[in-house]
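The chain contents come next:
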Amino acid sequence: MNLQDKVKQFVENVVYFLLLFVYYPLYFFMSLMLQKEIFTFRLKRLLNIRLKSNIGHFGFTDKFLDVTAVSTEHEIDFLRHRGPGYIERVTLWTARELAKLFVGNQKVSLISDGQLKYVLLSTMFAHALTWDAKRKMFAMSFRELNQLNFFPGFNFSARHVWFNNDLICIEMDNGVEYYSRGSYREDYELAKLHLQICLTFHAPGLAHNYVHFGIPGTMSVLSEELLSRNSVLYNLITPHLRFTERINFQALHVGKATGNKQNMFQRFFFPRQWFPITSRQFVSGLARKCSETHISRFKTHLASPASKNDDGLNGSMKVKEAEVPNKNTSYEPPYLKSPYLRKVGVI
């Protein structure tokens, strides 16, 4: 660490210390209010004034099922074991991030080409990959971003990425493509930074949402109603569904985490909102994605005769070097079982 970095770190710590005069009282106040809320729910439970879990539709044009009411037991469990973590995030963590922002230490580093391909091939992004037979490259589209109206100041400009062993190509929202090989490396790295930012929104905002909503929420409620507490199935799935009921209800029907209006309060106490869109846009997109994924794709997959064959590519087709599938899958990424695709995509 050089002298300049040491000075910036010192200034950051000083700013953080000063901010704690505001955020520590807020931390203790919010902790006190949390305990009050827990006490209130426990008192209601003691007086047998209990809320019951419920399932209903959410969405506006497209509709899907999820939690519409949270039981008293789940509410208490969530407040006791998840509540304190949110308070620390909103107060002490926010103070540290504001201090970093003040001295310019809150920066995102540009990842390497190898790291980018690793992320696309070896994480949940792999489920969104398709094969472009014409280019002979893996492809991932961000066209869904065109359906969203982002708040001013938020730019998600990447729209497509193609890659193989030798080359990465990134297309921006103006249709211009930038290549990892060539004489315009600086322009390509700027495009890759935009792509990197789009990936951070795509994961929780577009790709993860239909995984966390719909089936998990309804399973959480129905397992409590239909399964015996001593059954093997109940004890197997309950740890995976814990807090799901309350988290989904918060996102769908309270929406404080997805209603980032960039007003004064949110800029100082919620500076790192991952969803720069309104709650209505979030819920509408979520209902549409759940409908498309859980109903349309799943029915198509089950209705396909090829889906009953285990040919090493999720029942889509057998892969030859001259015949590479251009089919997307919501299940296991096809290259995992295809030697040819593994060879093409290896880093």
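Residues numbered from 1 in each chain as written. Predicted model: local features only at pLDDT ≥ 70, side-chain atom pairs only at ≥ 80, totals over all residues. Heavy atoms only, no water.

Asks: Got a minute to help me understand the overall build of the protein in this structure?
Replies: Secondary structure assignment for the protein yields 12 helices and seven strands. A burial count over the protein gives 40% of its 347 residues as buried. In the protein, 62% of the contacts between residues at least 6 apart in sequence involve partners at least 24 apart. Accessible area of the protein: about 20100 Å², with a carbon and sulfur share of 59%. (Helix = DSSP H or I, 4+ residues; strand = E, 2+ residues; numbered from the N terminus. Buried < 20%, exposed > 50% of the residue type's maximum accessible area, 1.4 Å probe, protein only. Contact = heavy atoms within 4.5 Å. Areas by Shrake-Rupley, 256 points an atom, 1.4 Å probe, with all protein chains shown as cover.)

Asks: Hey, could you run me through empty space enclosed by the protein in this one?
Replies: Remark: the empty space left among the atoms is shown by a probe the size of a water molecule rolled over them. In this structure the tally under the stated criterion is two cavities of 30 Å³ or more. Roughly 50 Å³ of volume is contained in the second largest cavity. As for the second largest cavity, its lining consists of Leu148, Gly205, Leu206, Asn209, Ile277, Gln281, Phe282, Gly285 and Leu286. With four residues, helix α11 (residues 279-303) is the largest single contributor of residues to the lining of the second largest cavity. For the lining of the second largest cavity, the residue count by class is five nonpolar, four polar and no charged. (1 Å grid on protein atoms, 1.4 Å probe; cavity = no way out; pocket = protein on both sides within 12 Å on 5 of 7 lines; lining within 4 Å. Points joined across faces, edges and corners; volume = space filled by probe spheres on them. Nonpolar A, V, L, I, M, F, W, Y, C, P; charged D, E, K, R; others polar.)

Asks: Explain the packing of aromatic side chains here, please?
Replies: Each aromatic ring pair is specified by the distance between its two centres and by the angle formed by the two planes. Inspection of the entire model under this criterion finds 10 aromatic pairs. Where Phe78 meets Phe243, the ring centres are 6.1 Å apart and the plane angle is 75 degrees; that geometry is what we call edge-to-face. On the criterion of sequence distance, the pair formed by Phe78 in helix α2 (residues 72-81) and Phe243 in the loop between α8 (232-241) and α9 (244-254) is long-range, its members being 165 residues apart. One exposure class covers both Phe78 and Phe243, and it is buried. The aromatic ring of Tyr16 is capped on one face by Arg96, whose charged end is 4.0 Å from the ring centroid. The positively charged end of Arg135 is found above the aromatic ring belonging to Trp162, 3.7 Å away from the centroid. (Phe/Tyr/Trp six-rings, centres within 6.5 Å; stacked < 30°, edge-to-face > 60°. Lys NZ or Arg CZ within 6 Å of the ring centre and 35° of its normal.)

Asks: Whenever I open this one, the packing of helix α1 (residues 3-46) against helix α3 (residues 83-103) confuses me. Can you help?
Replies: Packed helix pairs are characterised by how far apart their axes lie and by the angle those axes make with each other. In contact at an axis separation of 8 Å, α1 and α3 are set at 160 degrees when each is read in the N-to-C sense. Taken together, the axes of α1 and α3 are roughly antiparallel relative to one another. Relative to α3, α1 is oriented so that their crossing is right-handed. Residue composition of the contact of α1 with α3, grouped by class: 20 nonpolar, six polar and five charged. (Axes fitted to C-alpha atoms, helices over the stretch in contact; angles between N-to-C directions. Parallel < 35°, antiparallel > 145°, perpendicular 65-115°, else oblique. Left-handed = near helix turned anticlockwise from the far one by under 90°.)

Asks: Even after reading the chapter, I still don't get the pairing of strand β2 (residues 64-69), so can you show me in this structure?
Replies: Where strand β1 (residues 54-58) meets β2, five bridges bridge the pair, whose relative direction is antiparallel. When the sheet's bridge partners are listed, Ile55 is paired in β2 with Val67. Between β1 and β2, which pair antiparallel one after the other, the connecting turn spans five residues, and Gly59 there sits at a positive phi close to 110 degrees. (Pairing = 2+ DSSP bridges.)

Asks: What is the right way to read the sheet that holds strand β5 (residues 158-163) from this model?
Replies: Backbone hydrogen bonds are what pair the strands of a sheet, in a parallel or an antiparallel way. Spatial strand order, β3-β4-β5-β6-β7: five strands in an open sheet with antiparallel pairing. Both outer strands of the open sheet, β3 (130-132) and β7 (177-179), are each paired with one neighbouring strand and no more. The mean angle between the axes of side-by-side strands here comes to 25 degrees, regardless of whether they run parallel or antiparallel. Bridge count for β5 against strand β6 (residues 168-172) is five bridges, and the pairing is antiparallel. Each residue of the ladder has a partner; that of Trp162, found in β6, is Cys169. Relative to β5, helix α4 (residues 113-122) is tilted by about 95 degrees, and along the sheet it contacts β4 (137-141), β5 and β6. Relative to β6, helix α5 (residues 185-207) is tilted by about 75 degrees, and along the sheet it contacts β4, β5, β6 and β7.

Asks: Just checking my understanding: could you explain the pattern of salt bridges for this structure?
Replies: Evaluation of the coordinates by the stated rule reveals 14 salt bridges. We note a salt bridge from Glu73 to Arg45, for which the minimum N-O separation is 3.1 Å. With Glu73 in helix α2 and Arg45 in helix α1, this residue pair connects regions lying 28 residues apart in the sequence. By relative accessible area, which is 38% here, Glu73 ends up partly exposed. Residue Arg45 is classed as partly exposed on the basis of its relative accessible area, which comes to 28%. (Salt bridge = Lys/Arg side-chain N within 4 Å of Asp/Glu carboxyl O.)

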